[in-house]
Amino acid sequence: MFLPGLASQLGRPRSTKGSPLRRLPLPQLQLLLQPLLPFHLLSQADDGPHSRKRTFSFAHTFLGFLWQVLNPGASCRQALRQIQASLEAQEQLVNPSDDTSPYCQARRSLPLERLEQIFQHTRRLAEQRVSTEALWHGHRVKLVDGTCLSMPDTPANQALYPQESQQKPGCGFPLLRMVSMTGLASGAVLDYVTYSQRSHDMQLFDQIRPELRRDDVLVGDRGFCSYAQLALLRQAQVHAVFRLHQGRPGKGHRSRLKRVKRLGKGDWLVEWKRPDTKPKYMKDADRAKVAERLTVRIVRVQVTAPGMRTRTLLLVTSLLDPKTYPAREIAELYLQRWRAELTFRDLKTVMQMDVLRCKSPEMVQKEILMHLIAYNLIRLLMQEASMVWSVPLQRISFKGALDTFREYLAILGSNPKKSHIRSTYSKIVAAIAAGQVLHRPGRREPRAVKRRPKKHQLLTAPRHLFKEYRHRGKYPNRKYA
């Protein structure tokens, strides 16, 4: 459009058939997700925010926000266009203006409790769909790991999520630390906690540990391995498989680990003595309940896969029976911990959650929740494709499933009948099942960047104090003919 201001002066046409506004009407998105997201979760509240009948109802605002998350990089103006298309498709007289401020205010007033309720629904549904055959020795395996997220540099975000301490003021971005639990069999995010990046993963995990259930198996890296953690998990009758922390083995008479019984080659029962100091996150009442000694099992794993940096792993576990839980199976289970890293890759790289866009801590929390809801919804589609078409869930591509959902959703604007929506849903499930990744064990991909960044100056001072060089090239004084 060559005259962008002319449309607002002349008014928007009533019919938008064939226009990009009709490409992804939000009611079709809601109908398509109905098997996974029942209508009552998006219904109008009896009181409080979104309780009155407004243009930006809870359903419209939530679906607009969800559409933004499913389409990384989509702006609030694009989401507003979706809501406009939705209202015009329903032939409603009230139509919002082109100003994005009302939509942004409606997003800000979304109750965090209702978003958490929707998130809890998605993770419960994902765990309910896990069959008995998918369990590991009858246990539900849960993976725990932490990551870091960035966000816009605003005073409110800096106050709650400060930047790195070694960076100058005005030269960094607020950083948030996030610890999450993922179901190994379902692949869904089951719980999470966020705080400043200056907090330790184990300190944050202490807040979501009560969500573990009896006979669960928790798998984590050595950042979560400690005497206190194993003792608290044993009190809750939760099993654990961790990589032994590099500072735990000790040497000579100062070692707190004492071999008790040899179970096999590289497999030992060990007595672990309680440390004298109490962790900061541990309460005094909990320390009083912790036994002075723990009997754990240590398994030595030799890694022979090419490209792996570590050749020997020491695993500590509370699964003591070598016949029920052979050492080889424990080692294979720990290698599945990498799926927690793949979850963060899907969230941060595919869905672009690594750099959040909201400018206040309250909206940052809602943005994270919306990403987790969208992620779990795609995982539910992958679960259904796995069950219907008998395809291993771990072989289905998350990015392929997300792309398939987006592309099939685009054709619903031309035929919004329920029968067509049900048919499209079945086609989406079939297409997701067909998009399998190859089985490539031991594949090596170096953690290095091939594409070189451009030679720009680094911002080493706040913008109003920064001095920009006139010549930024390598040879500023060279003259070219």
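What counts, and where the lines are drawn
- Residues numbered from 1 in each chain as written.
- Predicted model: local features only at pLDDT ≥ 70, side-chain atom pairs only at ≥ 80, totals over all residues.
- Heavy atoms only, no water.
- Core = buried A, V, L, I, M, F, W, Y, C linked by side-chain atoms within 4.5 Å.
- Buried < 20%, exposed > 50% of the residue type's maximum accessible area, 1.4 Å probe, protein only.
- Helix = DSSP H or I, 4+ residues; strand = E, 2+ residues; numbered from the N terminus.
- Contact = heavy atoms within 4.5 Å.
- Salt bridge = Lys/Arg side-chain N within 4 Å of Asp/Glu carboxyl O.
- pLDDT = per-residue confidence, 0-100.
- Lys, Arg positive; Asp, Glu negative; His and termini not counted.
- Polar contact = N/O pair within 3.5 Å; in protein donor to acceptor, adjacent residues only side chain to side chain.

Engineer: A description of the nonpolar core should follow, citing residues and the corresponding values.
Structural biologist: With 77 residues, the main nonpolar core has Phe62, Leu66, Ile368, Ile378 and Phe405 as its most contacted residues. Top element by residues in this core is helix α13 (residues 361-389). It accounts for 15 residues. With sequence-adjacent residues up to four places away left out, Ile368 is seen in contact with Leu149, Leu176, Met178, Tyr192, Thr194 and Leu356. In terms of nonpolar packing, the next biggest core, distinct from the first, is built from 32 residues, Leu204, Ala231, Leu257 and Val316 among them.

Engineer: Which residues make up the pattern of salt bridges, and what are the values?
Structural biologist: Inspection of every chain in the model, using the stated rule, returns 16 salt bridges. With its nearest N and O atoms 2.4 Å apart, the salt bridge here joins Arg209 to Asp206. For Arg328, the salt bridge is made with Glu332, and the minimal N-O distance between the two is 3.4 Å. Of the two residues, Arg328 and Glu332 both sit in helix α11 (residues 327-335), four residues apart, roughly one turn of that helix. Given a relative accessible area of 65%, Arg328 falls into the exposed group. According to the relative accessible area criterion, Glu332 is partly exposed, its value standing at 40%.

Engineer: Give a detailed account of the confidence of the model for the chain, specifying residues and quantitative values.
Structural biologist: Looking at the chain, pLDDT values average 85 and 85% of them are 70 or higher. Mean pLDDT values over the elements of the chain span from 45, in helix α1 (residues 6-10), up to 98, in strand β4 (residues 217-220). The low-confidence segment residues 6-24, where pLDDT is below 50, has 27 contacts with residues more than four positions distant or belonging to other chains.

Engineer: How would you summarise the side chain of Glu367 if you had to cite specific residues and measurements?
Structural biologist: Examined against the element boundaries, Glu367 turns out to sit in helix α13. Here Glu367 is buried and forms no salt bridge, its nearest opposite-charge partner Arg357 lying at an N-O distance of 5.5 Å. Here the side chain of Glu367 touches Cys358 through a polar contact of 3.1 Å, landing on its backbone nitrogen. Apart from the residues within four sequence positions on either side, Glu367 is in contact with Phe65, Leu356, Arg357 and Cys358.

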